Amino acid sequence: MTKSNAKAYWKENIRYLLFLLAIWFIVSYGAGILFKDILNEIKIGGFKLGFWFAQQGSIYVFVILIFVYVRLMNKLDKKYGYDE
Amino acid sequence: MMNNIFLIETIGVQNWTYILVGVTFALYIGIAIWSRAGSTKEFYVAGGGVSPLANGMATAADWMSAASFISMAGIISFAGYDGAVYLMGWTGGYVLLALLLAPYLRKFGKFTVPDFIGDRYYSKTARLVAVFCALLVSFTYVAGQMRGVGLVFSRFLEVDINTGVIIGMIIVLFYAVLGGMKGITYTQVAQYCVLIFAFMVPAIFISIQMTGNPIPQFGFGSKLADGSGMYLLDKLDGLSTELGFNEYTEGSKSVVDVFAITLALMVGTAGLPHVIVRFFTVKRVRDARKSAGLALLLIAILYTTAPAVSVFARTNLIETVSDKSYVNVPEWFKKWEKTGLITFTDKNEDGRIQYLADTSQNELVVDNDIMVLANPEIANLPDWIVALVAAGGLAAALSTAAGLLLVISASVSHDLIKKMINPKISEQGELIAARLSAIVAVCVAGYFGINPPGFVAATVALAFGLAAASFFPAIILGIFYKKMNKEGAIAGMVVGIIAMLLYMVKYRLGWFDEVTPDKSEWWYGISPEGFGSVAMVLNFIVSISIMKFTKEPPENVQDIVENIRIPSGAGEATH
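Residues numbered from 1 in each chain as written. Chains lettered and ligands numbered in written order. Predicted model: local features only at pLDDT ≥ 70, side-chain atom pairs only at ≥ 80, totals over all residues. Heavy atoms only, no water.

Asks: Tell me about the overall build of chain A, and name the residues and values.
Replies: Of regular secondary structure, chain A possesses three helices and two strands. At 17 Å, chain A has a C-alpha radius of gyration far larger than the 12 Å of a compact globule built from 84 residues. Considered along the principal axes of its C-alpha atoms, chain A spans approximately 55 × 20 × 15 Å. A buried classification covers 52% of the 84 residues belonging to chain A. Of all intrachain contacts in chain A linking residues separated by at least 6 positions in sequence, the fraction that spans at least 24 positions is 65%. (Helix = DSSP H or I, 4+ residues; strand = E, 2+ residues; numbered from the N terminus. Rg over C-alpha atoms; globule rule 2.2 N^0.38 Å. Buried < 20%, exposed > 50% of the residue type's maximum accessible area, 1.4 Å probe, protein only. Contact = heavy atoms within 4.5 Å.)

Asks: Quick one: what's the story with the nonpolar core, residue by residue and with numbers?
Replies: The biggest cluster of nonpolar side chains holds 224 residues, and the ones touching the most others in it are Trp63(B), Phe69(B), Leu101(B), Ile117(B), Tyr303(B), Phe472(B) and Ile475(B). Excluding residues within four positions of it along the chain, Ile117(B) makes contact with Ala126(B), Ala130(B), Phe471(B), Ala474(B), Ile475(B) and Met493(B). (Core = buried A, V, L, I, M, F, W, Y, C linked by side-chain atoms within 4.5 Å.)

Asks: Explain the interface of chain A and chain B to me, and be specific about the residues and the numbers.
Replies: In this complex, chain A contributes 43 residues to the contact, which on the side of chain B involves 56 residues. A buried area of about 4300 Å², summed over both sides, lies between chain A and chain B, and 69% of it is on carbon and sulfur atoms. Considering only the side of chain A, the residues that lose the most area to chain B are Trp10(A), Gln55(A) and Glu84(A), jointly responsible for 15% of the buried surface there. At the junction of chain A with chain B, the criterion picks out seven salt bridges. Between Lys48(A) and Glu247(B) there is a salt bridge, and its shortest N-O distance comes to 3.0 Å. If you look at where chain A meets chain B, you find 13 residue pairs in polar contact (both at pLDDT 80 or more). For the side of chain A that touches chain B, the secondary structure elements donating two or more residues are helix 1 (3–34), helix 2 (36–39), strand 2 (47–48) and helix 3 (49–79) of chain A. Here the element with the most residues in the side of chain A that touches chain B is helix 3 of chain A; it accounts for 17 residues. (Buried area = accessible area lost by both parts, 1.4 Å probe. Salt bridge = Lys/Arg side-chain N within 4 Å of Asp/Glu carboxyl O. Polar contact = N/O pair within 3.5 Å; in protein donor to acceptor, adjacent residues only side chain to side chain.)

Asks: Give me the lowdown on a nonpolar patch on the surface, citing residues and values where you can.
Replies: Together, Phe25(A), Ile26(A), Leu34(A), Phe35(A), Ile38(A) and Val255(B) make up a nonpolar patch on the protein surface, roughly 570 Å² of accessible area in all. It is helix 1 of chain A that contributes the most residues to the nonpolar patch, three residues altogether. Mapping Ile38(A) onto the fold places it in helix 2. Relative accessible area serves as the criterion here: at 58%, Ile38(A) is assigned to the exposed category. (Patch = residues over 30% accessible without salt bridge, like charges linked within 9 Å, V, L, I, M, F, W, Y side chains within 5 Å. Areas by Shrake-Rupley, 256 points an atom, 1.4 Å probe, with all protein chains shown as cover.)

Asks: Account for the environment of Gly532(B), naming residues and giving values.
Replies: Residue and element names in this part refer to chain B. Its place among the elements puts glycine 532 in helix 22 (residues 531–548). The class of glycine 532 is buried, set by a relative accessible area of 0%. Each C-alpha atom, one on glycine 532 and one on glycine 465, is 4.0 Å from the other, the two residues being 67 residues apart in sequence. Setting aside anything within four residues of it in sequence, one finds glycine 532 in contact with Ala264, Gly465, Ala468, Ala469 and Met500.

Asks: Can you explain unusual backbone geometry? Please cite residues and give values.
Replies: Residues and elements named next belong to chain B. The backbone phi angle of glutamate 349 is positive, close to 50°, even though this residue is not glycine. Along the polypeptide, glutamate 349 turns up in the loop between strand 1 (342–344) and strand 2 (364–366). Of note in the backbone geometry, tyrosine 524 takes a positive phi value of approximately 50° without being a glycine. Locating tyrosine 524 in the fold gives a position in the loop between helix 21 (486–509) and helix 22. On the basis of relative accessible area, tyrosine 524 is assigned to the exposed category, the value being 75%.

In short, shape yes, function no, at least from these values alone.
Written out as C-alpha cells, the structure reads:
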C-alpha cells in the first residue's frame, strides 16, 4: 500500500468522523440541552420534544450513528483495499 | 393445576430469591470452570478471538454496574429532566469510543491502556502515570460495586451487609482469578442476559398496569390506563408542582452545569480502562467497530427503559403515600422502613404522610435505590419478579467488579512487573503474578466494601472526571495528532488529574475549608461532577502548548501512528 493511498483513506475517514460527530453534538447538546426549552413547546404524544431528546431520542440516534459509521467504514476499507 | 399455582404462591420472596440467585451463581461458576485461562494472552484479552456479539454483550454487562441497574432510575425519578445527564452521558460516550478510540487501539494490538500510552509516548514515565490513573480509577469504582453486592444481599436475603460483601468477593475471586479475561467475558455474556431480563420484566408489567402499553419507552409518553384521558407525564408534572417540586420534565440544574456533567460523563466513559480493554479481545478492527455498536444497542435497551421506570415509580410513590394515613400504608412501606431507606417522621403529628419539597414540612425521606428495588412490590407484582430484581442487581454489580479487577491485575502484573520491574519474567511467572494481583485486588476491594470511606459516592464521580482529564486527551492526541510528543502528553495528563483532584477536594469533599463551599462558589456554576470536562480541555491545551516547545517524536513512533490509522493487518494482540 502506498503512502498516498493511506493519506487519502485517512482524509475521508476524518470527513466521516466530523459529519457523524456533528450529529452526535446536535441531538444531545443541541436538542437535549441548549434548545430544550424551545423544543419543549412542541409535543409528541405525552412527550415534550426537548425532554424526549434528552431522555430517549439522543440515545436512539447514538446507536444509529455507530451502525452508520460501521457501514461507511467497511465500504471505505474496501475502496482503499484495507478490508480483510 | 390448582395445586401448582398454590405452590408457587407459597414459595415466597425469600425462597424465590435463594433459588434465582443460587441458580445464576452456579451458572457463573460453571462457565468460569469451562473457560479458564491457560496463557497470559487468554488471561488479558481472552485469546483475542471473541465474536463481536459476545464482546458486545460482555461490554454491556461490564459497563452496566450496580449504579446503572439499581440507582440510576431512582436518581432520575427524583431529578426529573436533570437525570438526562446520566442517560446521555453514559451512552454518548460509546459514540466517541466507537469512532475515535476502539478501532485504533485494536489495531495497535497490545494488552492494556498503559501499554498504548507507554509505547506511543516512548516513555516509562508516561506509562507509570497511566498505570497510576488506571489503578486509581478502577479501585474507586470497584469499591462501590462490592458495596452494591453487599446491599443486595442484605436487603433480599437478610444477611449482614458484610457477609454479603464476602460472599460476593468469593464468587468474583473464583471466576476472575481462574478465568481471567476469557472467564470474565463468557460469564459477562450470561450476566447481561440475567440483568436485562430482570430489568425489563417488571418495567413491562408496570407499563401495562399504568398505561396499557407493553413497551415502557412508549408507555411513559402515553395516556393513563385509568380512563381519565390524561397523559402520564402531564399528571406527574401536576403532582410534582402541587407538592412544591419543580415540574418533572423541567429539572433544576443550570444549562451550563447540565452541559458540563454530560460532557464529563461521556468523555469519562470513553476513557475508562475497563471498557477500552474489552475492544482488545476481538479479532479484527472491523469487529471492534461493530462490537462497540452492539454494546451500545444492548446498553440502550436498559438506558431507554430506565427513564420510563423513573416516571412510573415516582407517580406510583406519590399516589400511594402522599397525604395518606400512616397506619394504612402498604406492607412494602414498613418492610423498607426497617432497612432505613424510607423514613417517616410525623412532624405535625396528624398521622398522615406529608411528602413535600419544603424540607421543614416534609415528613418522608426516600432513598434513590428503592425506586428500582421496591418498584415491583409497590406495583404489587408477583414474588418471583421481586426476586428476579435481586438476581439482576447482583449480576450487574459482579460483572462490573470482575472487569475492573482484571484491569487492576493486568496493570500490576503486565504494566508494572513485566514492563518495568522484571522484563525477563516467564509466561508462567507473569500468569501467576496476574492471578496473585487479582487476589490482592479482590481483598482490597472487599475491605473498602466493608469499610466504605465516607466519600465513596464522590469518588465514583471522580473516577469519570479522572478518566476524562487523563486518558481521553492522551489517547485521542496519540491517534489523531502525529506530532504529539511525550513531554506534551505527560504534562497534559498530570495537569488534568491534579486540576480535577483539587476541584473535587475543595468543592465536593471540602477538605480545604471548615465547611464544604456552597455551590454559589463553583466556577461558572460548574459542579465537581462536571469539572472533568474543564480538566479535559485543560489537558488538551497544556499538551499542545508544551509540544510546541519541545522535540517532535522520533520517526519510528510517527510510523506507529501511521500504521494504527490503517485498519488492515491488525494481527493478534502481543506483548
